[in-house]
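Below are the chains, spelled out letter by letter.
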Amino acid sequence: MRHLTPNPLPVLGMIKGIKGVKDILPEETPRWRLIEETARQWAVRYGFQELRVPIFEVTTLFARSIGASTDIVEKEMYTFQDRDGTSLTLRPEGTAGTVRAFIEHNRAADPLPQKYFYMGPMFRHERPQAGRLRQFHQFGIESLGTSDPRADVEVIALLWRILSDLNLPALTLEINNLGYTADRESYRPLLVAYLTRDMERLCGNCQRRVETNPLRVLDCKVPECRAATEAAPRLADSLSEKARGYFAAVVAGLDSIGIPYRLNHRLVRGLDYYCLTTFEVTSTSLGAQNAVGAGGRYDGLIETLGGPPTPAVGFALGLERMVMMLSETAPVSLPGSTTVYIAGFGSQGSATGLSALEELRLAGIRSVSDFRAGTLKSHLRQADRSGSRFTLIIGDDEVAKGTGILRDMTTKAQRDVSLTSLSRDISSLLRAS
Ligand code: ATP
Ligand code: MG
């Protein structure tokens, strides 16, 4: 007869993370921190201040600022109803929140220019693949209040310095001149006339874009669309003298400070408040998702969101893609192992071990112990595993004598250390070694 055992708890399936949403494990965080700290340091050096805005906002903020005819607003936003029915959205990018905060806190009344940077997770419902996630991270900057080509140069230079300092491989900076709204208005019918002559050659997306956002057709990555637009009229030929002059000054500024760039007349943004300078950095080491960061001038946005007319220029960098590139070039070393392992055992030794651990930590010494270990032997095994430089042995005998035994884990040499001046003695030992 089968013996029936009681089954007190039903076994449930493992709960997994969401598709396209990744954990960043301890092996990877040093690489992330290097990137974050490098970006932060350069931003501060260029006079930018950190701004932290919320991860969710009312949906209309993004709909209005990013634009209804963009991929983000059309199909990528994580939108949900709050309990009172308000429509909220997880931020898909950082500019909208930054500008909302700038307006809401009446920062325009303070002296301009104001230069902000931000960093954090963004959310877009896209098809997950290498370098394309549903929760991803950006570092971005917004320079508000200056319509001078040198502000564009400053922003592009900052972008380039961050990426160069990290030694990211095979980078190309491309820039283009979008002109003013009026320039694009005179160009738009020329482009639309060209595109509608042979709509069949365009992908389904672009056939729609011809109506909603024709400039974006130039930017399409589908090879047939690229071929179809190869001979299209160029925006550059429709630009006003003023727009040409502005862009010439940006290019001259980049030349004067040694930032290498390539002109790309296909680089466009589809929205009216974008103007003049637009740019993108790509890397051939990234495969299909090759854009590392992108930005441009958006003089009309602040007014669109209800603020005073304020010129602005900024960029956003994708941190996941930078991490992927950094893994190729330089393995970032993990922080060194702990300095002291404390082997406290026996009834007195365990208690003294706990206070010694706290004392060393308060003195700034990286120290650990495995509280599961009950014998000296098992402590020493854990000390080896932890890779500590020293093990401090405190059994009941050591407590009685008032001295612990400090063992150098490489040379195996041992010495007595007084338990009453522990942190001072170990600190000076560490300084001397
Ligand atoms: P892409 O052409 O790759 O879709 P995008 O034009 O949507 O880029 P931006 O909105 O300009 O990208 O965002 C700036 C940067 O953020 C990109 O260059 C990229 O590095 C990163 N990025 C954008 N979307 C994602 C994503 N879903 N996952 C990871 N990184 C992303
Ligand atoms: Mg995208």
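Anything mentioned here points back to the structure above.
Keep in mind that this is a model prediction, so the values were computed, not measured. (Residues numbered from 1 in each chain as written. Chains lettered and ligands numbered in written order. Predicted model: local features only at pLDDT ≥ 70, side-chain atom pairs only at ≥ 80, totals over all residues. Heavy atoms only, no water.)

Enquirer: Help me understand the nonpolar core in this model?
Expert: What tends to happen in soluble globular proteins is that the nonpolar side chains get buried as a cluster. In this structure, Phe139, Ile162, Phe315 and Met322 are the most contacted members of the largest nonpolar core, which totals 85 residues. Setting aside anything within four residues of it in sequence, one finds phenylalanine 315 in contact with Tyr118, Phe139, Gly140, Ile141, Val155, Leu158, Leu159, Ile162, Phe279, Ala294 and Gly295. Grouped together as the second largest cluster of nonpolar side chains are 16 residues, Val340, Ile365, Ile394 and Leu430 included. (Core = buried A, V, L, I, M, F, W, Y, C linked by side-chain atoms within 4.5 Å. Buried < 20%, exposed > 50% of the residue type's maximum accessible area, 1.4 Å probe, protein only. Contact = heavy atoms within 4.5 Å.)

Enquirer: When you look at the packing of helix α5 (residues 149-165) against helix α9 (residues 241-256) in this model, what are you seeing that I'm missing?
Expert: Two packed helices can be described by the angle between their axes and the distance between those axes. Running from N to C, α5 and α9 cross one another at 45 degrees; their axes reach a closest spacing of 8 Å. For the element pair α5 / α9, the angle class is oblique. Here the hand of the crossing between α5 and α9 comes out right-handed. Seen from α5, the contacting residues are Pro149, Asp152, Val153 and Ile156; seen from α9, they are Tyr246, Ala249, Val250, Gly253 and Leu254. Classifying every residue of the contact of α5 with α9 by side-chain character gives seven nonpolar, one polar and one charged. (Axes fitted to C-alpha atoms, helices over the stretch in contact; angles between N-to-C directions. Helix = DSSP H or I, 4+ residues; strand = E, 2+ residues; numbered from the N terminus. Parallel < 35°, antiparallel > 145°, perpendicular 65-115°, else oblique. Left-handed = near helix turned anticlockwise from the far one by under 90°. Nonpolar A, V, L, I, M, F, W, Y, C, P; charged D, E, K, R; others polar.)

Enquirer: Even after reading the chapter, I still don't get the site of ligand 1, so can you show me in this structure?
Expert: Lining the immediate environment of ligand 1, one finds 14 residues, of which Arg124, Glu126, Leu133, Ala291 and Arg321 sit closest. Between ligand 1 and glutamate 126 there is a distance of 2.6 Å, counted from a nitrogen atom to a side-chain nitrogen or oxygen. Measuring from an oxygen atom of ligand 1, one finds a side-chain N or O atom of glutamine 138 at 3.0 Å. For ligand 1, the accessible surface in isolation is 590 Å², of which the surrounding protein chains cover 82%. Counting only elements with at least two residues in the shell around ligand 1, the list comes to β6 (135-144), β10 (291-297) and β11 (312-318). Considering every element that reaches the shell around ligand 1, the biggest residue donor is β10, with four residues. (Near = heavy atom within 4 Å. Polar contact = N/O pair within 3.5 Å; in protein donor to acceptor, adjacent residues only side chain to side chain. Areas by Shrake-Rupley, 256 points an atom, 1.4 Å probe, with all protein chains shown as cover.)

Enquirer: Would you mind going over the pattern of salt bridges with me for this structure?
Expert: Pairs can form between side chains of opposite charge whenever their charged atoms are close. According to the stated counting rule, one finds 17 salt bridges in the structure shown. Between arginine 297 and aspartate 152 there is a salt bridge, and its shortest N-O distance comes to 2.8 Å. Linking arginine 297 in strand β10 with aspartate 152 in helix α5, this pair joins segments that are 145 residues apart in sequence. For arginine 297, a relative accessible area of 1% translates into the label buried. Note that glutamate 230 is salt-bridged to arginine 266, the shortest N-O span being 3.1 Å. Residue glutamate 230 is located in the loop between α8 (223-229) and α9, and its partner arginine 266 is located in the loop between β8 (262-263) and β9 (275-283); the two are separated by 36 residues in the primary sequence. Taken together, the salt bridges that share partners define one network made up of Arg40, Glu50 and Arg52. (Salt bridge = Lys/Arg side-chain N within 4 Å of Asp/Glu carboxyl O.)

Enquirer: Would you mind showing me how to read the sheet that holds strand β15 (residues 403-408) here?
Expert: The strands that make up a sheet pair up through hydrogen bonds in the backbone, lying either parallel or antiparallel. In spatial order, the strands read β13-β12-β14-β15-β16; together these five strands make up an open sheet with mixed pairing. Bordering the open sheet on either side are β13 (367-368) and β16 (414-418), each of which pairs with just one other strand. As paired strands, strand β12 (residues 340-344) and β13 are joined by two bridges and run parallel to one another. Paired with tyrosine 341 across the strands is valine 368, a residue of β13. Contacting β12, β13, β14 (390-394) and β15, helix α13 (residues 376-386) crosses the sheet at an angle of about 165 degrees to β12. Each of β12, β14, β15 and β16 is contacted by helix α15 (residues 422-432), which is oriented at about 140 degrees to β16, the strand it contacts most. (Pairing = 2+ DSSP bridges.)

Enquirer: Even after reading the chapter, I still don't get the packing of aromatic side chains, so can you show me in this structure?
Expert: Here the distance between the centres and the angle between the planes together describe a pair of aromatic rings. In this structure the tally under the stated criterion is five aromatic pairs. With centroids separated by 6.4 Å and ring planes inclined at 20 degrees, the aromatic side chains of phenylalanine 56 and phenylalanine 80 adopt a geometry described as stacked. Here the residue phenylalanine 56 occupies a position in strand β2 (residues 56-58), and phenylalanine 80 occupies one in strand β3 (residues 79-81), the gap between them amounting to 24 residues. On the basis of relative accessible area, phenylalanine 80 is assigned to the partly exposed category, the value being 35%. Plain terms: the ring middles of phenylalanine 139 and phenylalanine 315 are 6.5 Å apart, the flat faces sit at 40 degrees to each other, and that makes the pair tilted. (Phe/Tyr/Trp six-rings, centres within 6.5 Å; stacked < 30°, edge-to-face > 60°.)

Enquirer: Looking at this structure, I do not really get the packing of helix α12 (residues 346-362) against α15. What am I missing?
Expert: At a minimum axis distance of 9 Å, the contact between α12 and α15 shows a crossing angle of 50 degrees. By the angle between their directions, the pair α12 and α15 is classed as oblique. Crossing geometry of α12 relative to α15 is assigned as right-handed. Taken together, the residues of α15 that come into contact with α12 (itself represented by Ala356, Glu359 and Leu360) are Leu422, Ser423 and Ile426.

Enquirer: In this structure, what is going on with the environment of leucine 406? I would like to understand it.
Expert: Topologically, leucine 406 is positioned in strand β15. The buried category is assigned to leucine 406, whose relative accessible area is 2%. The sequence separation of leucine 406 and threonine 391 amounts to 15 residues, and the corresponding C-alpha distance is 5.7 Å. Among all residues touching leucine 406, those that are not within four sequence positions of it are Phe390, Thr391, Leu392, Ala413, Gln414, Arg415, Val417, Ile426 and Leu429.

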